[in-house]
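Residue-level structure breakdown
Now for the letters of each chain:
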Amino acid sequence: MEICPFSTDFALYTIRYSLAASPTPRRAPPRSNCSSSGASPTMTSVVELFPRTRKLSYDLQQQLREVEAKRMAPSDMELGLEELKRQTQTLEMLVEQEVNRKDEWKAKIRDVCMTRDWLDSQLRHWRTQHDRAAVEEAERQELLGRVRSSLPTSVIGAYDE
């Protein structure tokens, strides 16, 4: 059976293989302004993981547009942002093991981290605006309800037209 590198089965296989192949405990990733907590690596090198991370970043940019157009739930995008954060943390750990082009990889990873932070702030901004609009609409409906209850029936009929 061939395992597709983009499938869940491949990710589980990679995790199992990496845990079985490594008898030493894993170290926590280095702390930086781009990461906050530990992530378990599922890839063996930056060269393997970086293209997937960059694609996820691009996909999240597309998802932000969908969220802003109200065609997608923001919680789905939040899941993607969490995965992007895990992948960037793994990349930061793996880049320390790289011999060739270490500084170039660090710059590329920093760009992805900046994009992730921007996406996160845009999503928070959208949520704030959306929540504010929802509160204003609820208040508007409440006020209209009060006005309608205080008006005579004949006036409400004319008002609805």
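Provided above is the structure to which this section pertains.
In this report, the structure presented in the accompanying data block is examined. As the structure is a computational prediction, the values presented were derived from the model and not from experiment. (Residues numbered from 1 in each chain as written. Predicted model: local features only at pLDDT ≥ 70, side-chain atom pairs only at ≥ 80, totals over all residues. Heavy atoms only, no water.)

Unlike most non-glycine residues, lysine 70 shows phi in positive territory, near 60°. Within the secondary structure, lysine 70 sits in the loop between helix H2 (46-68) and helix H3 (74-95). Residue lysine 70 is classed as exposed on the basis of its relative accessible area of 59%. At arginine 101, a residue that is not glycine, the phi angle is positive and equals roughly 55°. Looking at the element boundaries, arginine 101 is found in the loop between H3 and helix H4 (102-150). For arginine 101, a relative accessible area of 45% puts it in the partly exposed group. (Helix = DSSP H or I, 4+ residues; strand = E, 2+ residues; numbered from the N terminus. Buried < 20%, exposed > 50% of the residue type's maximum accessible area, 1.4 Å probe, protein only.)

Another point: the pattern of salt bridges. With the rule as written, the count across this model stands at 11 salt bridges. One salt bridge in this structure joins aspartate 59 and lysine 55, with 3.0 Å as the shortest N-O distance. Taken as a pair, aspartate 59 and lysine 55 lie in helix H2 at a separation of four residues, close to a single helical turn. Under the relative-accessibility criterion, aspartate 59 is labelled partly exposed at 27%. Of the charged contacts, one joins glutamate 96 and lysine 102 as a salt bridge, the two residues approaching to 3.6 Å between their closest N and O atoms. Overall, the relative accessible area of 40% leaves glutamate 96 in the partly exposed class. Looking at lysine 102, the relative accessible area reads 27%, which means it is partly exposed. If you follow the salt bridges from partner to partner, you end up with Glu96, Lys102 and Lys106 in one network. (Salt bridge = Lys/Arg side-chain N within 4 Å of Asp/Glu carboxyl O.)

What follows concerns the nonpolar core. Of all hydrophobic cores here, the largest spans 21 residues; its most connected members are Val46, Phe50, Leu60, Met77 and Ile109. Elements represented by at least two residues in this core include exactly H2, H3 and H4. (Core = buried A, V, L, I, M, F, W, Y, C linked by side-chain atoms within 4.5 Å.)

The first and last C-alpha atoms of H2 sit 32 Å apart over 23 residues, in line with the 33 Å expected at 1.5 Å per residue. Every buried residue belonging to H2 is among Val46, Leu49, Phe50, Thr53, Leu56, Ser57, Leu60, Leu64 and Val67, and all of these are buried. Residues of H2 that are buried sit in contact with H3 and H4. At the C-terminal side of H2, lysine 70 shows a positive phi close to 60°. (Expected span 1.5 Å × (residues − 1). Contact = heavy atoms within 4.5 Å.)

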